[in-house]
Amino acid sequence: REPEGNIDTELAVCPQFNGEPRSYTRFNLTQNMEGDNSQVEMKLSSDMEEEAEGNGVGEHMNHHPRPSYVSKSSQRSPRNICFMGIAILLLFIIGYLVGYLAHRKADKTYPSCAEDLAPDDGEDMAPIETVPSLDWSDITAMFKSKLTTDSIEKSLSDSHQAGSPGDEALANKLMGRFKSYGMNPWTDEHFVRVQDRPTSGTNKVTFQNKTYAESGFLSYSATGSAQGAALYAYYGQVEDLRRLQDLRINMSGRVLLVRAGKITPAEKVANAASVNAGAVLIYPDPADYSFERDTDLFGHVHLGCGDPYTPAFPSFNHTQFPPAKSSGLPAIPAQTIRASTAAAIMKGLGGDSPRGWGDGGLRDVVYKLGSESDLIAVEVNNVLTEKKIHNVFGVIKGFIDADRYVVIGAQRDAWGPGYARSTVGTSLLVELARTFSEMVNNGFKPKRSVVFASWSAGEYGAVGATEWLEGYLSSLNMKAFSYISLDGVVTGMRSVLSKAAVQMEPMKMSDPAYPFQAFSGIPSVSFRFTSLTFLSQDKEYPFFGTVLDTKRNLDSKVFNLRVLTKTAGEIAGQMALQLVHDHLLRLNVEKYTNTIRSKVAQINKEIISLQSSGRVPKTLRMQWLMSALGSYSRASRNLNTNIQNSDLDDYEQCRIINNRIMGVERDLLSPYVSPRENPFRHILLGSGSHTLEALREHLVAIKENSASGNIDLLRNQFALATWTIQSCANALAGSVWEMDNEI
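Nothing here was measured: the structure is a model prediction, and the numbers come from that model.

A.B. asks: Give a detailed account of the overall build of the protein, specifying residues and quantitative values.
C.D. replies: The helix and strand tally for the protein stands at 22 helices and 18 strands. Of all 743 residues assigned to the protein, the portion counted as buried reaches 50%. Put simply, 77% of the contacts in the protein that link residues at least 6 apart link residues at least 24 apart. Accessible surface for the protein amounts to roughly 35100 Å². Of this, 52% is attributable to carbon and sulfur atoms.

Dropping the structure here:
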């Protein structure tokens with residue numbers, strides 16, 4: 001930070017297409033301690049002359065007697081020389097005073113050129129106003145003083161199932177809160193189709209002539225009945241099913257019994273369908289879930305997000321779209337069962353005991369794979385219904401770039417009480433809105449806008465959030481530069497904060513922020529305070545998806561819930577504040593270089609192996625993919641160099657740099673696949689044949705002589721992945737004349 005001071009600099013301003021100086025321009029830079037709200041004032045010489053004419057001193061200059069022309073001899077007399085000296089001295093003093101007074105007037109009158117810009121909404125322009133000089137320490141101190149544990153405690157309220165009267169009442173309550181904070185909140189309605197449990201009766205599982213009625217359910221399961229031999233498949237991950245294949249076990253038509261956890265139910269069912277299984281049963285093993293054995297589980301099995309019956313377009317206003325459905329909907333029945341039901345089934349299974357898979361917690365059970373004679377029947381009677389849901393929004397508009405905004409969001413629905421899932425996040429959302437509003441009333445003027453969003457139908461797969469993204473996709477990925485998720489931010493921590501561990505992990509499909517990143521290309525972040533035990537064992541908070549997600553159970557996992565919730569609010573709030581306060585967005589695009597390089601190295605390793613064995617032709621070269629990697633590496637490195645060499649007090653220059661930064665995530669969405677068939681188009685974080693991971697997996701399939709291996713398809717994947725990376729590098733490089741396109 002530099003101390004306060006005035007720096008006066010005179011620069012020659014040349015007219016366009018002409019090298020001769022026409023006038024002088026005076027720049028006055030008044031820097032504060034922060035350096036972010038520096039005033040830059042520009043005055044042309046003609047303006048200063050006009051000011052001087054009206055300030056009294058200028059009038060005196062204009063009425064000063066002009067010297068008459070005299071003879072050379074008279075000019076040389078001592079008396080004339082004396083008069084000339086006095087006149088020159090007087091003119092010098094008057095000129096000094098004129099410059100001084102004009103400069104003082106400029107300091108008091110003229111606004112900052114760098115900070116008086118606002119988007120034109122088509123309304124009458126408001127008077128230009130400067131942004132006050134609050135430095136970062138003032139802002140953070142004000143924020144921490146206004147966000148208190150008491151205020152958070154008062155905001156806590158129960159959650160409700162999406163589309164229920166309670167959900168609508170909570171939405172109206174949030175609208176009232178946002179209005180009381182001086183905002184102009186709004187909602188958008190969506191008419192979505194979701195699958196709920198049977199209106200009468202239950203879903204059923206029958207084994208050895210005994211039927212088990214299950215109250216839990218998995219939304220978007222295929223309905224109907226399926227029967228087949230039971231097969232224990234551990235967690236149902238790809239590697240688990242591959243192990244069963246290695247054991248020469250035919251999974252076609254089998255009913256897979258899998259443990260909950262590790263991956264989402266949707267991924268488990270998709271994996272089972274890929275090996276032609278007939279149905280899937282998911283149960284909470286006591287080794288992973290510390291609750292009663294008769295506890296029901298709830299979830300969904302749509303391998304995607306949003307309303308699966310309006311894929312890639314929004315469910316607005318009862319619009320009659322042609323029949324459509326997401327490619328992520330499963331074709332086989334799936335059902336959750338209680339741990340007690342799983343124990344009864346496991347006790348009756350035959351077959352071998354799988355090595356390493358017997359680490360479960362079912363009492364008096366020997367974990368076996370099951371035999372062909374262990375028939376089991378599954379009946380799913382879920383009902384497809386249409387529900388009206390509401391997303392609720394409030395906004396604090398920026399004072400410079402009001403059309404650029406960070407979104408802070410939280411889902412407000414849950415299967416049961418949903419205390420950790422949604423209550424804590426919704427309460428923090430309300431309190432951050434209140435705190436930011438009070439800060440604005442006390443002098444804080446964010447450069448960019450902050451949107452506060454409350455989503456409904458999050459438990460069905462981020463339905464409310466995704467429908468909003470689908471409805472405004474073309475504008476959101478150009479304007480929304482970050483998304484901060486408040487869902488599940490506190491799920492456990494028994495030790496004090498000073499001993500807390502920080503662990504970075506890839507964003508999973510189950511993360512509420514995932515559609516923002518992988519579907520819309522908006523840089524997103526989610527975080528959580530959780531137990532080190534959960535992290536070390538790759539486990540989630542055990543009460544998600546149950547009716548046991550209560551305050552009492554969360555208190556049992558957390559050292560001090562009030563303090564930890566406030567800390568989570570401080571983290572989210574300060575991230576948002578910095579994003580709307582700094583001239584430059586602090587998003588490091590160079591970090592993707594290592595991610596791409598790692599993927600390319602894995603692909604190269606497989607290519608070398610396959611070409612040496614003759615399974616892949618030598619004409620398939622890594623040169624182009626590596627060249628695209630090099631282009632991205634240079635572009636991201638050059639951008640960071642440009643940032644280091646740029647004047648970060650030049651707001652227009654920062655805006656140009658920010659546009660390049662914001663475009664990276666969007667440009668990593670593959671333009672070569674349809675969002676209807678592949679909604680998660682991000683080639684690094686998404687899913688589908690367009691991703692770099694899918695390219696690597698295709699090479700593995702060819703190595704294993706899998707029927708899915710196809711050289712022509714592989715070439716196509718190579719070309720499209722290569723050009724997606726190259727196009728992203730081109731956009732990151734800036735203007736077309738700055739690109740280094742050697743491909």
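Still more ground to cover, so stick around.
A.B. asks: How would you summarise the side chain of Asp240 if you had to cite specific residues and measurements?
C.D. replies: Relative to the assigned elements, Asp240 resides in helix H8 (residues 238-246). Within the buried set, Asp240 has no salt-bridge partner at all; the shortest N-O distance to an opposite charge, 6.7 Å, is to Arg243. A polar contact is formed between the side chain of Asp240 and the backbone nitrogen of Tyr235, at a distance of 3.3 Å.

A.B. asks: Any details on the pattern of salt bridges? Residues and values, ideally.
C.D. replies: By the definition in use, this model includes 23 salt bridges. Close ionic contact of Arg434 with Glu431 constitutes a salt bridge, the shortest N to O distance being 2.7 Å. Here Arg434 pairs with Glu431, and both are found in helix H11 (residues 419-441), just three residues apart, close to one helical turn. Side by side, Arg434 and Glu431 carry an identical accessibility label, which is buried. One salt-bridge network, in which partners are shared between bridges, spans Lys146, Glu431, Arg434 and Glu438.

A.B. asks: Residues and numbers for the nonpolar core, please.
C.D. replies: Ranked by internal contacts, the top residues of the largest apolar core, which has 101 residues, are Leu362, Phe436, Phe452 and Leu486. Considering every element that reaches this core, the biggest residue donor is H11, with ten residues. Counting 37 residues, the second largest nonpolar core, distinct from the first, contains Leu668, Leu699, Ala721 and Ala733.

A.B. asks: Report on helix H10 (residues 339-347), specifying residues and quantitative values.
C.D. replies: For H10, every residue scored as buried is listed here: Ala339, Thr341, Ala342, Ala343, Ile345 and Met346. Those residues of H10 that are buried lie in contact with strand E5 (203-207), strand E6 (210-214), strand E8 (224-232), strand E9 (255-259), strand E10 (279-283) and strand E13 (375-380).

A.B. asks: Describe the sheet that holds E5, naming the residues involved and giving the relevant values.
C.D. replies: With respect to topology, seven strands assemble into an open sheet ordered E6-E5-E13-E8-E9-E10-E12, the strand pairing being mixed. For this open sheet the edge positions go to E6 and strand E12 (334-336), each flanked by a neighbour on one side alone. Adjacent strand axes in the sheet meet at a mean angle of 30° when their direction is disregarded. Bridge count between E8 and E9: three bridges; the pairing is parallel. Looking at E9, one finds that Leu231 is bridged to Leu256.

A.B. asks: Got a sec to walk through the packing of helix H18 (residues 591-612) against helix H19 (residues 623-644)? Specific residues and values, please.
C.D. replies: At a closest axis distance of 10 Å, the pairing of H18 and H19 adopts a crossing angle of 170°. With respect to each other, H18 and H19 are oriented roughly antiparallel. In the crossing of H18 with H19, the sense of the turn from one axis to the other is left-handed. Contact residues: H18 offers Tyr592, Thr593, Ile596, Arg597, Val600, Ile603 and Asn604, while H19 offers Leu625, Met626, Leu629, Tyr632, Ser633 and Ser636. A per-class count over the contact of H18 with H19 returns eight nonpolar, four polar and one charged.

A.B. asks: I'd love a proper account of the packing of aromatic side chains, names of residues and values included.
C.D. replies: Applying the stated rule across the entire model yields 23 aromatic pairs. Centre to centre, the rings of Phe217 and Trp415 are 5.6 Å apart; their planes meet at 80°, and the pair counts as edge-to-face. Taken as a pair, Phe217 in strand E7 (residues 217-219) and Trp415 in the loop between strand E15 (401-411) and H11 lie far apart in primary sequence, 198 residues in all. Judged by relative accessible area, Phe217 falls into the buried class, the value being 2%. Residue Trp415 is classed as buried on the basis of its relative accessible area, which comes to 12%. With a centroid separation of 6.0 Å and 90° between ring planes, the pair formed by Tyr232 and Trp357 is classed as edge-to-face. Taken together, the positions of Tyr232 in strand E8 and Trp357 in the loop between H10 and E13 put the pair 125 residues apart, joining distant regions of the chain. The class of Trp357 is buried, set by a relative accessible area of 4%. Here the aromatic residues Trp186, Phe393, Trp455, Trp468, Tyr472, Tyr483 and Phe516 are joined through ring pairs into a cluster of three or more. In this structure, Lys262 is placed above the aromatic ring of Tyr235, and the distance from its NZ or CZ to the ring centre is 5.4 Å. The ring of Phe544 carries the charged tip of Arg421 above its face, separated from the ring centre by 4.0 Å.

What counts and what doesn't
Residues numbered from 1 in each chain as written. Predicted model: local features only at pLDDT ≥ 70, side-chain atom pairs only at ≥ 80, totals over all residues. Heavy atoms only, no water. Helix = DSSP H or I, 4+ residues; strand = E, 2+ residues; numbered from the N terminus. Buried < 20%, exposed > 50% of the residue type's maximum accessible area, 1.4 Å probe, protein only. Contact = heavy atoms within 4.5 Å. Areas by Shrake-Rupley, 256 points an atom, 1.4 Å probe, with all protein chains shown as cover. Lys, Arg positive; Asp, Glu negative; His and termini not counted. Salt bridge = Lys/Arg side-chain N within 4 Å of Asp/Glu carboxyl O. Polar contact = N/O pair within 3.5 Å; in protein donor to acceptor, adjacent residues only side chain to side chain. Core = buried A, V, L, I, M, F, W, Y, C linked by side-chain atoms within 4.5 Å. Pairing = 2+ DSSP bridges. Axes fitted to C-alpha atoms, helices over the stretch in contact; angles between N-to-C directions. Parallel < 35°, antiparallel > 145°, perpendicular 65-115°, else oblique. Left-handed = near helix turned anticlockwise from the far one by under 90°. Nonpolar A, V, L, I, M, F, W, Y, C, P; charged D, E, K, R; others polar. Phe/Tyr/Trp six-rings, centres within 6.5 Å; stacked < 30°, edge-to-face > 60°. Lys NZ or Arg CZ within 6 Å of the ring centre and 35° of its normal.

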